[in-house]
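A look at the structure
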Amino acid sequence: MSKYFAVLLLLIFSTQIQALEKVTLQLKWTHQFQFAGYYMAKEKGFYQEEGLDVIIVPADPNNPNVDFRVLYGQAQFGVFHSGLLKQRLEGKPFVALAAILQSSPYCWMVKAQSGIYVPRDFQGKRISHLGHTENGELLMMLQRAGVNTDSMLLYSGKKPFDDFIAGKFDAMQVYSTNEPYQAQQLGVATREICPKQFGLNVYADVLFTTEAMLRDRPQQVMRFRRASLKGWRYAMLHLEESLAVTKANYATHKSLAQLAYEAEKLKDFIRVSGIPIGKMSAAKWLWIAQLYHLDVSQFHEHKADFIYSEVKQDPASLSWVLVIAAVLTLVCIPMYIQLIFSRKNKSHLR
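Here, residues in each chain are numbered from 1, in the same order as that chain's written sequence. Only residues with pLDDT of at least 70 are given local features in this predicted model, and only at 80 or more are side-chain atom pairs given and counted; all residues enter the totals for whole chains, interfaces and linings. Side-chain figures throughout are based on the complete set of non-hydrogen atoms in the structure, without hydrogens or water.

1. Remarks on the state of the cysteines
In plain terms, two cysteine sulfur atoms within 2.5 Å form what is called a disulfide here. What the rule picks out here adds up to 1 disulfide. Bridging Cys-107 to Cys-194, the disulfide has an S-S length of 2.1 Å. Every disulfide takes its handedness from the sign of the S-S torsion; for Cys-107 and Cys-194 that torsion is 105°, giving right-handed. Note that Cys-107 is positioned in strand 5 (residues 106–111) and Cys-194 in the loop between strand 9 (190–193) and strand 10 (204–210), a separation of 87 residues in sequence. Judged on exposure class, the residue Cys-107 and its partner Cys-194 are both buried. Numbering of helices and strands runs from the N terminus; a helix is a DSSP stretch of H or I covering at least four residues, while a strand is a stretch of E covering at least two. Relative accessible area decides the class of each residue, using a 1.4 Å probe on protein chains only: under 20% of the type maximum gives buried, over 50% gives exposed, and in between gives partly exposed.

Written out as structure tokens, the structure reads:
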């Protein structure tokens with residue numbers, strides 16, 4: 001009996017290993033708490049439960065525009081900003097699966113004694129150059145307040161953080177979880193002027209894939225998305241554990257204090273009252289299109305294919321779990337029958 005049990009365990013283990021599908025998730029920045037939900041989905045086995053072996057790849061900070069890796073199949077899934085919609089309207093077949101951040105953490109950082117409190121106070125001030133399309137809402141916030149951004153003085157040096165601290169310009173574009181912490185560590189008092197504070201809630205950290213993936217592997221996309229969102233829900237409910245895992249296995253270059261600062265900042269962007277984690281709406285994507293002056297008629301043409309809608313489970317397609325169950329059934333029945341006959345034979349011999 002013990003021999004049969006050992007064979008059964010070996011069969012279960014080997015079948016599970018063979019059944020896992022390898023996929024790659026490309027992050028938009030280096031490892032940090034910003035991606036903790038994906039780490040927890042991997043570490044807690046949520047991906048494995050869905051039959052997936054997920055490789056999580058950080059971005060190169062010198063070349064953080066990583067959408068091309070998903071576009072050309074070097075990764076099956078990626079994390080991008082709300083500019084994903086612009087990419088879609090320009091012909092790239094991207095599909096938005098979930099918006100992890102319900103608003104953007106990009107802000108202007110100013111010194112506490114600067115006298116800059118609201119967007120209209122930026123008139124005549126010197127600001128840092130905006131390097132990425134993902135933070136276009138920073139300029140939009142100023143423009144909506146009546147600030148002539150075309151005439152603003154732009155800082156263009158190579159050490160923006162150091163020069164901001166030195167007082168060489170007035171306002172620096174920052175990611176809310178990073179540079180403000182660095183300033184705090186130096187004892188420099190700052191505050192943040194953020195689009196979210198003035199009604200500009202654009203999606204950020206959008207999980208995405210391609211139309212080809214959705215067409216060819218719809219169940220895999222559904223399972224990856226489901227496990228990822230489960231990971232994010234777990235991370236938000238178990239912050240201390242998620243911080244420890246992130247520090248130990250991923251963001252080893254950051255201190256636990258810095259990661260805790262990130263978590264405290266980001267949780268309000270992720271957990272919004274009345275909105276499930278990852279939830280997207282066509283109405284908000286339309287608003288984003290209008291905000292960035294994209295072609296609204298084009299948006300309506302693409303929205304059904306751009307905004308993910310979970311596919312129905314195909315009854316004809318068996319998941320890896322069902323395959324394992326079928327194999328085990330076929331193996332166990334003969335073993336059970338043989339065991340019964342063996343006992344009967346032993347009883348007759350007695």
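2. Structural notes on the pairing of strand 1 (residues 21–26)
Judged from the 6 bridges that link them, strand 1 and strand 2 (residues 52–57) form a sheet pairing that is parallel. In the strand pairing of strand 2, Gln-26 is matched with Val-57. Criterion used throughout: strands pair if DSSP finds at least two bridges between them. Pairing of strand 1 with strand 3 (residues 77–80), which is carried by 2 bridges, proceeds in the parallel orientation. Considered in strand 3, the bridge of Gln-26 is made with Gly-78.

3. Quick notes on the sheet that holds strand 2
If you walk across this open sheet you meet the 5 strands as 2-1-3-10-4, and the pairing is mixed. Unpaired on one side and paired on the other, strand 2 and strand 4 (94–101) mark the two borders of the sheet. Between one strand and the next, the sheet's axes are offset by a mean angle of 25°, whatever the strand orientation. Across 3 bridges, strand 3 lies against strand 10 in antiparallel orientation. Structural elements are reduced to axes, namely lines fitted to C-alpha atoms, with helices fitted over the stretch in contact, and the angle between N-to-C directions of any two is expressed from 0 to 180 degrees.

4. Section: the pattern of salt bridges
Any carboxyl oxygen of Asp or Glu within 4 Å of a side-chain nitrogen of Lys or Arg constitutes a salt bridge here. Using the criterion set out here, one finds 14 salt bridges in the structure. Taking the shortest distance from any N to any O, the salt bridge between Arg-223 and Glu-21 comes out at 3.0 Å. Of this pair, Arg-223 sits in helix 10 (residues 218–237) while Glu-21 sits in strand 1, and the two are 202 residues apart along the sequence. The class for Arg-223 is buried, based on a relative accessible area of 12%. The partner of Glu-90 in a salt bridge is Lys-86, and the shortest N-O contact between them spans 2.5 Å. Assessed through its relative accessible area of 52%, Glu-90 is described here as exposed. Assessed through its relative accessible area of 40%, Lys-86 is described here as partly exposed.

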